[in-house]
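Observations on the three-dimensional arrangement
Listed below are the residues making up each chain.
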Amino acid sequence: MSVDRKKLILEAATKSFSLFGYKATTMDQVAKIANVGKGTIYTFYKNKEELFKEIVQRMIEEMKYEAEQALDEQLSFFENLHRAVFRILEFRQEHQLSLKLLQEEREIGTPAVQEMVNEMEEAVISYIKEKIKIAIDKGYIQPCDPEITAFLMLKMYLALIFDWERNHDPLGKEEIAELFKIYLFKGLSASK
């Protein structure tokens, strides 16, 4: 039975990046964890950065898949958008590699990590943007700039989930959904 060496390398590299971060991971470590020669890694990847990019791309695809799984055609646009974005953020919180990358970006500022964290955020914004375009086309929401709206939605979620908790009791999923609905879909205007 032949072993899929590329799969072993990807799994080993993911484990190493998750435990040690990008900066502290070496190709020697990856080879040791994968139980392959270092040269074998270079038959698939030019360098550590290329390997890292593939792993992050796979994580982004997994994140999008998770968001799609959260959707329910019986629910409204708003409810589905909330479920999808919330699931993406839960995924980021649950995924050890994502957590390690966010920590490394914050504490060390490794350029390759900053680039991949930005790519992850852009992928999330792009996903939300596509959902907003569909909602505009179907008349569920009024015309707006989909990219700016997606950016604001993501940042609002991040603020309500992560930033708020620094000095306050955490908000529940339903509370966040209600705040999201008030601020983004209903607005604060008292006029009817």
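Presented here is a report on the structure given in the accompanying data block. Every value quoted in this text rests on a predicted model; they were computed, and no experiment measured them.

Here we come to the overall build of the protein. On a plain count of helices and strands, the protein comes out with nine helices and zero strands. Projecting the C-alpha coordinates of the protein onto the three principal axes gives extents of approximately 70 × 40 × 25 Å. Of all 192 residues assigned to the protein, the portion counted as buried reaches 40%. Summing over all exposed atoms, the protein offers an accessible surface of approximately 11,400 Å²; the carbon and sulfur share of this is 50%. One way to put it: in the protein the 27 positive side-chain charges average out to a point 4 Å from where the 32 negative ones average out.

To continue, consider the nonpolar core. Counting residues in each nonpolar core, the largest one holds 58 residues, and the members touching the most others are Ile9, Ile41, Leu51, Phe52, Leu101, Ile128 and Tyr157. Take this core: its biggest share by element is twelve residues, from helix H7 (residues 111-137). Each residue touching Ile41, except ones within four places of it in the same chain, is listed here: Ile9, Met27, Val30, Ala31 and Val36.

A cluster of nonpolar side chains, namely Leu19, Phe20 and Ile33, defines an oily patch on the protein surface of about 250 Å² accessible area. Within the secondary structure, Leu19 sits in helix H1 (residues 5-24). Overall, the relative accessible area of 43% leaves Leu19 in the partly exposed class.

Axis angle and axis distance: for two packed helices, these are the angle between their axes and the distance between the axes, and together they describe the pair. It is the contact of helix H4 (residues 48-69) with H7, at a shortest axis distance of 10 Å, that shows an interaxial angle of 25°. Looking at the two axes, H4 sits roughly parallel to H7. Once H4 is placed against H7, the crossing between them reads as right-handed. The segment H4 lies against H7, with Glu49, Phe52, Lys53, Val56, Gln57, Met59, Ile60, Met63, Lys64, Ala67 and Glu68 engaging Ala112, Val113, Glu115, Met116, Glu119, Met120, Ala123, Val124, Tyr127 and Lys131. Classifying every residue of the contact of H4 with H7 by side-chain character gives 13 nonpolar, one polar and seven charged.

Quick look at the packing of aromatic side chains now. Applying the stated rule across the entire model yields nine aromatic pairs. One aromatic cluster is present, formed by Phe77, Phe78, Tyr140, Tyr157, Phe180 and Phe185 through successive ring pairs. Over the ring of Tyr22 we find Lys48, and its NZ or CZ is 4.3 Å from the ring centre.

Take helix H2 (residues 27-34) next. Those residues of H2 lying buried are Met27, Val30, Ala31 and Ala34. Seen along its axis, H2 keeps its buried residues to an arc of 100°; they face one direction. Following H2 by one or two positions, Asn35 adopts a phi angle in the positive range, close to 60°.

Moving on, we get to the side chain of Thr149. Tracing the backbone through its elements, the reader meets Thr149 in helix H8 (residues 146-163). Apart from residues no more than four positions distant in its own chain, Thr149 is found in contact with Ile132 and Cys144.

About the thresholds
- Residues numbered from 1 in each chain as written.
- Predicted model: local features only at pLDDT ≥ 70, side-chain atom pairs only at ≥ 80, totals over all residues.
- Heavy atoms only, no water.
- Helix = DSSP H or I, 4+ residues; strand = E, 2+ residues; numbered from the N terminus.
- Buried < 20%, exposed > 50% of the residue type's maximum accessible area, 1.4 Å probe, protein only.
- Areas by Shrake-Rupley, 256 points an atom, 1.4 Å probe, with all protein chains shown as cover.
- Lys, Arg positive; Asp, Glu negative; His and termini not counted.
- Charge placed at Lys NZ, Arg CZ, Asp CG, Glu CD.
- Core = buried A, V, L, I, M, F, W, Y, C linked by side-chain atoms within 4.5 Å.
- Contact = heavy atoms within 4.5 Å.
- Patch = residues over 30% accessible without salt bridge, like charges linked within 9 Å, V, L, I, M, F, W, Y side chains within 5 Å.
- Salt bridge = Lys/Arg side-chain N within 4 Å of Asp/Glu carboxyl O.
- Axes fitted to C-alpha atoms, helices over the stretch in contact; angles between N-to-C directions.
- Parallel < 35°, antiparallel > 145°, perpendicular 65-115°, else oblique.
- Left-handed = near helix turned anticlockwise from the far one by under 90°.
- Nonpolar A, V, L, I, M, F, W, Y, C, P; charged D, E, K, R; others polar.
- Phe/Tyr/Trp six-rings, centres within 6.5 Å; stacked < 30°, edge-to-face > 60°.
- Lys NZ or Arg CZ within 6 Å of the ring centre and 35° of its normal.
- Arc of directions from axis to C-beta.

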